[in-house]
Amino acid sequence: MTPLDKPAADGTGRRTGADPASDSGTQPDDAAAPRAVTEAALFEAFGGVRGLVETTVPGLVFITMFTINKDIHAAALTALALSAVLGIFRLIRRDTVKHAFSGVFGVAFGVIFAMMTGDAKAFYLPGMLYTLGLALAYIITAAAGVPLLGLVLGPVFKENLSWRKRNPGRKRAYTKASYAWGFILLGKCAILFPMYFAGADATRFGWVTVALKIPPFLLAVYLTWIFLAKAPAPINVIAEMEAEEKAEQEREQQKKKLDAIGEGLADDAASALLAESERAQEPGGGQQPGRHRR
């Protein structure tokens, strides 16, 4: 059992951080507020509004310019430049580097595909392949009992991997949400891939792709919120580890105090023994001479 999974016990032997009512399947009303999961928290976990802008606007700019002038190179380079500017802006604000680079790299691969093939639809192919791979990852990990969404959101809610063994209700919620993400993304792929390989018009295909960016994402986030809002509260393993570390420090300090007291008592005993030994070495053995009887 890893430190992230191990149960912590208080003085009564009860696991700390766990909901006392979770074993019976009931949830007290006064605990609803701290364990409520809001759409905003989940939304920000997946990049927030800026993340949606960084993944949607470059594709929108590409298809808009291509619709106007039919120039793949100009449209692709403009989209790439815009994505780079958005990434640099995120870095300047010291936001998450992951979202900054993922947006730039995604657009860069699309530009390479479009320029190499001369087909504007190919600009969207890397993103489609990524979506398909992500959908399969959500479904496979959920079926394997290690839902991908739990691995992603565990650190966000400071529970890490504690949901795997210590919070089965939350694990079920993550599994359902992972299936939801997987099937929603598969539905998106079921629309785009047939259109792509059927030779759909590049302009029409581009607008359909852009239109399918935000709605499926919002639907998946909403379903995730529904599942997690009904799940037990996350176990804050970070707080548990900090409390354990603090308790260990207190034990160390107490041990040092006891050691200091013990050393003091040992010094006093040694001094007393030394004084007794010195008295014993004096004439008469340090004893009062007794009176002789007549």
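Residues numbered from 1 in each chain as written. Predicted model: local features only at pLDDT ≥ 70, side-chain atom pairs only at ≥ 80, totals over all residues. Heavy atoms only, no water.

A. A look at a nonpolar patch on the surface. Where nonpolar side chains cluster on the molecular surface, the patch consists of L91, F101, F105, F109, I112 and M116 and spans about 640 Å² of accessible area. Among the elements that line the nonpolar patch, the one with the most residues is helix 5 (residues 97-117), at five residues. (Patch = residues over 30% accessible without salt bridge, like charges linked within 9 Å, V, L, I, M, F, W, Y side chains within 5 Å. Areas by Shrake-Rupley, 256 points an atom, 1.4 Å probe, with all protein chains shown as cover. Salt bridge = Lys/Arg side-chain N within 4 Å of Asp/Glu carboxyl O. Helix = DSSP H or I, 4+ residues; strand = E, 2+ residues; numbered from the N terminus.)

B. Molecular detail of the packing of helix 6 (residues 125-143) against helix 8 (residues 168-197). One way to put it is that helix 6 packs onto helix 8 with a least axis distance of 8 Å and a crossing angle of 150°. One finds that helix 6 runs roughly antiparallel with respect to helix 8. Relative to helix 8, helix 6 is oriented so that their crossing is left-handed. Across the contact of helix 6 with helix 8, the residue classes tally to 19 nonpolar, four polar and one charged. (Axes fitted to C-alpha atoms, helices over the stretch in contact; angles between N-to-C directions. Parallel < 35°, antiparallel > 145°, perpendicular 65-115°, else oblique. Left-handed = near helix turned anticlockwise from the far one by under 90°. Nonpolar A, V, L, I, M, F, W, Y, C, P; charged D, E, K, R; others polar.)

C. Just the environment of M195, in detail. Secondary-structure assignment places M195 in helix 8. Residues M195 and K121, spaced 74 residues apart in sequence, show a C-alpha to C-alpha distance of 10.0 Å. In this structure, M195 is in contact with A200, F205 and V208, ignoring residues within four places of it in sequence. (Contact = heavy atoms within 4.5 Å.)

D. Geometry of the confidence of the model for the protein chain. Of all residues in the protein chain, 76% attain a pLDDT of 70 or more, and the chain-wide mean is 77. The spread of mean pLDDT over the elements of the protein chain runs between helix 1 (residues 32-35), the lowest at 46, and helix 6, the highest at 95. Low pLDDT, under 50, characterises residues 1-37; the stretch is placed with 55 contacts to residues that sit more than four places away or in other chains. (pLDDT = per-residue confidence, 0-100.)

E. Representation of the packing of aromatic side chains. All told, the structure shown has 13 aromatic pairs when counted by the stated rule. With centroids separated by 6.3 Å and ring planes inclined at 5°, the aromatic side chains of F62 and F66 adopt a geometry described as stacked. Here F62 pairs with F66, and both are found in helix 3 (residues 48-69), just four residues apart, close to one helical turn. You can call F62 buried: its relative accessible area is 0%. The exposure class assigned to F66 is buried, which follows from its relative accessible area of 9%. An aromatic cluster is defined as three or more aromatic residues linked by ring pairs; in this entry it consists of F62, F66, F123, Y124, F193, Y196, F197 and F205. Lying over the aromatic face of Y196, K121 brings its terminal NZ or CZ to 5.7 Å of the ring centre. Over the ring of F157 we find R170, and its NZ or CZ is 5.4 Å from the ring centre. (Phe/Tyr/Trp six-rings, centres within 6.5 Å; stacked < 30°, edge-to-face > 60°. Buried < 20%, exposed > 50% of the residue type's maximum accessible area, 1.4 Å probe, protein only. Lys NZ or Arg CZ within 6 Å of the ring centre and 35° of its normal.)

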